[in-house]
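The residues making up each chain are set out below.
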Amino acid sequence: MLPRAVRIPAPGGGRLWAERSGTGSPVVLLHGAGMDSRLWDAIVPELARHHDVIRYDARGLGRSTPPDKPFSDVADLRAVLDHFGLRRAALAGLSMGGETALDFALTHPERVTALALIGASVSGHAWPRSPELSAYAEARRKRRTAALAELELTIWAAMGRTAPGGELIEAMVTSNAERRVVGEQHCVVSAGRDAEPHLGEIAAPTLVVHGGRDHPEIAVIAARLVSDIPGARGERIPDADHYLPLRTPGRLAELLLTHLP
């Protein structure tokens, strides 16, 4: 199936931009905060040779419309699955997308065939204090979009612009900075949105991947995910920061194709 873009009605109003390609068992790709579905540009062609691949822009990011009222990213994911008539699917999420995938798997376990958590965050996790993370949080809170974009690139794209995917990473972060702070004001905590104490309830086969050059706390979270999710398998990709799908697409695609049903 050739890539086909659609605009899906979002719960409560607005539209979610989504693209479907390939044939086979379904997998939904979820990007991180301040990014959009271009994160998966280098991964989709290979996955689509074996799977029915759906990627979409989270509410207010990329080509999806900005929210003007409270919304839930878990409800948005459910709307995407429902739109495509998917009773069950595998979920692969990076960072915030991994957090959403985990929350969805706890809320709707019967709809998830497998999880791939890539540089994932986890709802309920207590992040350590540091000057850089404090500055990052302040820039988000005070809607200083230029500072937020600069910190995003410094902290999370540590390998820089000249590394693989660098130009696209910079373009995504810069173009989504203003959209991000607007959207985050309306995002609400879903029911039961505290996944960390409930990781032992995850029943879906789970792959946990993180980059060796990512923020150190991501490695801490990855270790927790592997230890607490029954049967979870962990993989570390040495030459990648937080943006693994663009830094090391070949290796990540290989891991996903081995794991996905």
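Reference entry: report on the structure contained in this document. All values derive from a computational prediction rather than experimental measurement.

Residue pairs spaced three or four apart in an α-helix point in one direction, given the helix's 3.6 residues per turn. Here helix H5 (residues 145-156) is twelve residues long and its end C-alpha atoms lie 16 Å apart, about the 16 Å a rise of 1.5 Å per residue gives. Within the sequence span of H5, burial applies to Leu148, Ala149, Leu151, Glu152, Ile155 and Trp156. Seen along its axis, H5 keeps its buried residues to an arc of 165°; they face one direction. Facing away from the buried side of H5 by over 90 degrees, the exposed positions are Ala146, Glu150 and Thr154.

Below, the discussion takes up the packing of aromatic side chains. In this description, an aromatic ring pair is defined by two values, namely the gap between the centres and the angle between the planes. Scanning the model with the defined rule gives one aromatic pair in all. Note on Trp127 and Trp156: the rings are 6.1 Å apart at their centroids and 85° apart in plane angle, and the pair reads as edge-to-face. Of this pair, Trp127 sits in the loop between strand S6 (112-118) and helix H4 (131-141) while Trp156 sits in helix H5, and the two are 29 residues apart along the sequence. The class of Trp127 is partly exposed, set by a relative accessible area of 32%. Geometry around Trp17 places Arg63 over its ring, the cationic atom sitting 3.6 Å from the centre.

Counting buried residues along S6, six of its seven residues qualify, which places the element largely inside the surrounding structure. Taken together, the four bridges between S6 and strand S7 (residues 206-211) define a ladder with parallel strand orientation. If you follow Leu117 over to S7, its bridge partner there is Val208.

About the cut-offs
Residues numbered from 1 in each chain as written. Predicted model: local features only at pLDDT ≥ 70, side-chain atom pairs only at ≥ 80, totals over all residues. Heavy atoms only, no water. Helix = DSSP H or I, 4+ residues; strand = E, 2+ residues; numbered from the N terminus. Expected span 1.5 Å × (residues − 1). Buried < 20%, exposed > 50% of the residue type's maximum accessible area, 1.4 Å probe, protein only. Arc of directions from axis to C-beta. Phe/Tyr/Trp six-rings, centres within 6.5 Å; stacked < 30°, edge-to-face > 60°. Lys NZ or Arg CZ within 6 Å of the ring centre and 35° of its normal. Pairing = 2+ DSSP bridges.

None of this, on its own, says anything about what the molecule does.
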